[in-house]
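Structure at a glance
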Amino acid sequence: MRFENERLSLELSDNTGVILSLTDRGSGVAYVSRPAEAPFRVTRLLGGRPVLVKADECCACRLSEMEARLTWNLEDGSTLTAEVSLLEDGAAFRSHLEAAVQSEIILVEYPVIGGMGSWADEMQMVHSFATGLLVRNPLQCFKPGEGIRYAPYPECFSGASMQFFAYYGLNRGGLYFGAEDGESHGKWLNLYRNGDAMEAAMMVLNEDMGPGKPVCAPYAFTLRLMKGEGWFEAAERYKRWAVNQPWCAMGTLDQRPHCQWLLRDTGLTTFGISAAYDRSDYIRRYHRDAGTSVFHILGPDWTKQDFMGQCPATLDEWLPAAFDQENLKAIREVGDHFAPFEFDFLVHPKDKDADRLAQSRHIFPPQGQTYSCDAYGFNMLCPCEDYTHDLHVERDRQIARDHGVDAMYYDISANNLLHLCLSDRHKHPKGGGRHITRGYQRLYEETKEACARESGGYFPIGTEMINEVFLPQLDYYQARAGARPASALEMWPYKKQIDAGEAELIPLFAAVYHEYGAVRMDGWGKAVDEMGDLFYDSAAKIYLWGGLYELNYEYSPMEAVQGKETRPEEHYWRFDQRGYEYAPGRLRYLGQFAAMRTGEGNPYLAYGRMMAPPAIGAADAPKHYWHFNHGKPEDFAGTIQLPAVRVSAWESGLKAHPGYAVFFANTELTPQRITLRLESKDYPKGGSVTLLTGFGHGQTPERKALGVLDGSITLELELAPRKPAMLEITPN
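Here we summarise the structure given alongside this text.

Cut-offs applied
- Residues numbered from 1 in each chain as written.
- Predicted model: local features only at pLDDT ≥ 70, side-chain atom pairs only at ≥ 80, totals over all residues.
- Heavy atoms only, no water.
- Helix = DSSP H or I, 4+ residues; strand = E, 2+ residues; numbered from the N terminus.
- Expected span 1.5 Å × (residues − 1).
- Buried < 20%, exposed > 50% of the residue type's maximum accessible area, 1.4 Å probe, protein only.
- Contact = heavy atoms within 4.5 Å.
- 1 Å grid on protein atoms, 1.4 Å probe; cavity = no way out; pocket = protein on both sides within 12 Å on 5 of 7 lines; lining within 4 Å.
- Points joined across faces, edges and corners; volume = space filled by probe spheres on them.
- Nonpolar A, V, L, I, M, F, W, Y, C, P; charged D, E, K, R; others polar.
- Polar contact = N/O pair within 3.5 Å; in protein donor to acceptor, adjacent residues only side chain to side chain.
- Phe/Tyr/Trp six-rings, centres within 6.5 Å; stacked < 30°, edge-to-face > 60°.
- Lys NZ or Arg CZ within 6 Å of the ring centre and 35° of its normal.
- Axes fitted to C-alpha atoms, helices over the stretch in contact; angles between N-to-C directions.
- Parallel < 35°, antiparallel > 145°, perpendicular 65-115°, else oblique.
- Left-handed = near helix turned anticlockwise from the far one by under 90°.
- Pairing = 2+ DSSP bridges.
- Disulfide = S-S within 2.5 Å.

A few words now on helix α9 (residues 434–455). In an α-helix, one full turn covers 3.6 residues, which means residues spaced three or four apart are oriented alike. Helix length check: α9 (22 residues) gives 31 Å between terminal C-alpha atoms against 32 Å at 1.5 Å per residue, within 8%. Within the span of α9, buried status applies to Ile 436, Thr 437, Gly 439, Tyr 440, Gln 441, Leu 443, Tyr 444, Thr 447, Lys 448, Ala 450 and Cys 451. Contact partners of the buried residues in α9: α8 (386–403), β24 (408–410), β25 (420–421), β26 (431–432) and β27 (461–464). Trailing α9 by a residue or two, Gly 456 shows a phi angle of about 80°, which is positive.

Right, here's the structure in full:
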């Protein structure tokens, strides 16, 4: 069965329903050159274990020149029906499974699109795993079965933060894949190597499990042709759909209520400074040397939490809080802000209230059945339960009332967890999916509202990691992958490829959603020279991608001052002593970017829309690193080749300040020369072109007029060592 239009040709097997070929008729490139092993995979529970269900031959029915219906009778008596439609630039797939009376179907994987080989010198795959992963030539750097085999959504630590991925030949065309689901249904978005070819598949979660329960995907999974111009092409394709979904209905940051001190005043963040011991000298030092307002997420030791298994359960175990008052005094004196760290859903079994805790427990699938690279071995509370809701809202309301906190932060929360609960006694169907997501949303919304009533103004909340479905609720998130390869945690399954330069973090989430929120905190840094010079690149990249650099103190001591550092017995993790001396020059380096973000660059880096950056012809340079801020198995050092100059481009997100900006950062100790060409078609509102340099605390940037963008302009710039620069294009 063949379908064709002017742009592509799609052939399906009449006997099996598998995709036999997919060809770009313009270029002649065959994106699918041979069939996958199977057109679908259906998984049922049998004796408490998941097993694949086989099918008889397919019954194929052509509905029109551009549509077909495929039906399979499964060996357990279930029936799977799919509809395939040819689009102007691709194809759309839908599925519905009617389960046999005795069968409990848990997953339907359809479509399965295999047989994708190489058709260009450089093949690339882009995925919304974490907040954006780019892999070069995945058939070379992945073994069979590797890649992103199981990427649950919505999940950002070990899954997909958005619902799309792409596989293409650089400048030689390719395929974009996306689920057009605005209702947050549970699913997996998979792109992996199968044999000697790449394979794409979407898995649908049964959100109401039980014998005889149907499994339906009430949305289309689409594939569309790409030019192969790079990852930004895929991001722009998804963005056209995504910004019209419910999670963007509140409007851009310039249109909605938001946290002004976080967006306008904050230039630096810290994470994990002990909340229960006096660290006021450090708080004052960071503010002074960076010359900016700092947002501190204080460590979990303000209550009975640590990183070694201790976590409160009931309200009277969480409270009262024990913040060191010298820390809070210093934060207020210098004009900083803070949030307490909370494991908001994590509990440990207790005798007190044990029954209600057990009844409210989130039941994850057994180890090995999560269909994820994460086992989710946590004892968590289910967000749909009243006990969880009441504890969450009341605890944080009292903290906001009694301690004047500026925000709340939640670790191992909704973005780290599989939105699947197997309890059949909770206020959600067994499986949950979107019901679990809505439970988290409701908790965040009502906690935020309760804290706002106590604080008397807008109250921001943030989490570890981010997902598109939580953009209306969350104001900021904490990440670590921007420091790769000098970091662990998210992106950990691809450490080998990142270390080898075969893969890298890309600002995919920012490209789609930056002007809608939330603020990224990233870097996992320390103000010590032992970290190496990758620090300068990581900081530049994070700021130029619209984020805030983060100094992190979770798993290692604070910097030594005159040979004296903080002690492990005064911390929530028993770290090794290091003795690495505080390097104020590193704070001054960060302060340049902070001044640019809170000053002339604010309409772009805080509020703006990310654009594809111009080519600048920057050379690569070796970057050395030493990562010690984690458990001992994660201690590692090395060298990686990265661009000597970082670049990003933005359109202003403030109506009162129209224009564009291109940002540069020379991360080397020597001047760097770059050449770039600006085109009016890329900056249609543009006019005067001005170069701004000399950012820093108390400094007024130097401005140099470079001409007018009228058609095109070619610029040659010499960038000073380890300094940022800003090229602003404003209407005449």
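Size it by volume and the second largest pocket reaches roughly 670 Å³. Phe 343, Phe 378, Ile 412, Leu 489 and Tyr 555 are the residues nearest the centre of the second largest pocket, which is lined by 29 residues in total. Counted by class, the lining of the second largest pocket contains 15 nonpolar, 8 polar and 6 charged residues.

Secondary-structure assignment places Glu 333 in helix α6 (residues 325–334). It is 8.8 Å that separates the C-alpha atoms of Glu 333 and Arg 284, two residues lying 49 residues apart in sequence. Of note is the side chain of Glu 333, whose polar atom sits 2.8 Å from the side chain of Arg 284.

This part takes up the packing of aromatic side chains. Scanning all chains against the criterion turns up 52 aromatic pairs. Seen in terms of ring centroids, Phe 535 and Tyr 589 are 6.0 Å apart; in terms of plane orientation they differ by 50°. Their pairing is tilted. With a gap of 54 residues between them, Phe 535 in helix α12 (residues 534–544) and Tyr 589 in helix α13 (residues 584–598) connect regions that are remote in the sequence. Look at Trp 626 and Phe 628: their rings are 5.9 Å apart centre to centre, the planes differ by 40°, and that puts the pair in the tilted class. With relative accessibility at 23%, the residue Trp 626 sits in the partly exposed group. For Phe 628, a relative accessible area of 4% corresponds to the buried category. By the ring-pair criterion, three or more aromatic residues cluster together here, those being Phe 271, Phe 307, Phe 341, Phe 343, Tyr 409, Tyr 555, Tyr 572 and Trp 573. Positioned over the ring face of Phe 636 is Lys 495, at 4.2 Å from the centre of the ring. Of note, Arg 722 hangs over the ring of Tyr 536, and the distance from its end group to the ring centre comes to 3.7 Å.

It is worth spelling out the packing of α8 against α9 at this point. Between α8 and α9, the shortest axis-to-axis distance is 8 Å and the interhelical angle comes to 25°. One way to sum up the angle between α8 and α9 is to call them roughly parallel. Crossing geometry of α8 relative to α9 is assigned as right-handed. In this structure, α8 uses Thr 388, His 389, His 392, Val 393, Asp 396, Arg 397, Ala 400 and Arg 401 to contact α9, whose residues at the interface are Arg 442, Leu 443, Glu 446, Thr 447, Ala 450, Cys 451 and Glu 454. Among the residues making up the contact of α8 with α9, the classes are represented as 5 nonpolar, 4 polar and 6 charged.

Here we come to the sheet that holds strand β4 (residues 30–32). Pairing is antiparallel across the open sheet formed by 4 strands, whose spatial order is β1-β2-β3-β4. Each of the sheet's edge strands pairs with one partner strand only, and the pair in question is β1 (2–4) and β4. The average angle at which neighbouring strand axes cross in this sheet is 15°, direction not considered. Relative to strand β2 (residues 8–12), β1 runs antiparallel, the two sharing 3 bridges. Residue Phe 3 lies in a different strand from β2, and its bridge partner there is Leu 10.

In spatial order, the strands read β7-β8-β9-β10-β20-β17-β16-β12-β13-β29; together these 10 strands make up an open sheet with antiparallel pairing. Looking at the sheet topology across the chains shown, the edges are occupied by β7 (55–64) and β29 (503–505). Sheet twist, expressed as the mean angle between neighbouring strand axes with direction ignored, is 15°. Sheet topology note: the strand β16 (residues 160–169)/strand β17 (residues 174–180) ladder contains 5 bridges and is antiparallel. Within β17, the position partnered with Tyr 167 by the bridge is Leu 175.

Our focus in this paragraph is the state of the cysteines. A complete count under the given rule lists 0 disulfides for this structure. Free cysteine: Cys 59, not disulfide-bonded; nearest cysteine sulfur from Cys 58 at 6.7 Å. Between Cys 61, a free cysteine, and Cys 59, which holds the nearest cysteine sulfur, the sulfur-to-sulfur gap is 6.9 Å. The class for Cys 61 is partly exposed, based on a relative accessible area of 36%.

Looking now at empty space enclosed by the protein. Using a probe with the size of a water molecule, rolled over the atoms, empty space left in the structure can be pinpointed. Applying the stated criterion across every chain yields a total of 9 cavities of 30 Å³ or more. Its boundaries defined by the atoms lining it, the largest cavity holds a volume of some 180 Å³. Residue lining of the largest cavity: 17 residues in total, with Tyr 477, Pro 507, Ala 510, Arg 520 and Trp 545 positioned closest to the centre. When residues of the lining of the largest cavity are traced back to their parent elements, those giving at least two are α11 (508–513) and β30 (519–525). Looking at which element gives the most residues to the lining of the largest cavity, the answer is α11, with 3 residues. Residues that form the lining of the largest cavity fall into these classes: 10 nonpolar, 5 polar and 2 charged.

Glycine aside, residues mostly have negative phi, and peptide bonds are mostly found in the trans state. Residue Pro 320 is reached from Leu 319 by a cis peptide bond, and omega for that bond is 5°. By the secondary structure assignment, Pro 320 is in the loop between α5 (315–318) and α6. Cis geometry marks the peptide bond from Arg 484 to Pro 485; its omega dihedral reads 10°. For Pro 485, the location among the structural elements is in the loop between β28 (476–478) and α10 (495–499). Its identity as a non-glycine residue notwithstanding, Tyr 371 has a phi of 50°, on the positive side.

Take it as geometry only, folks, not as evidence of what the structure does.
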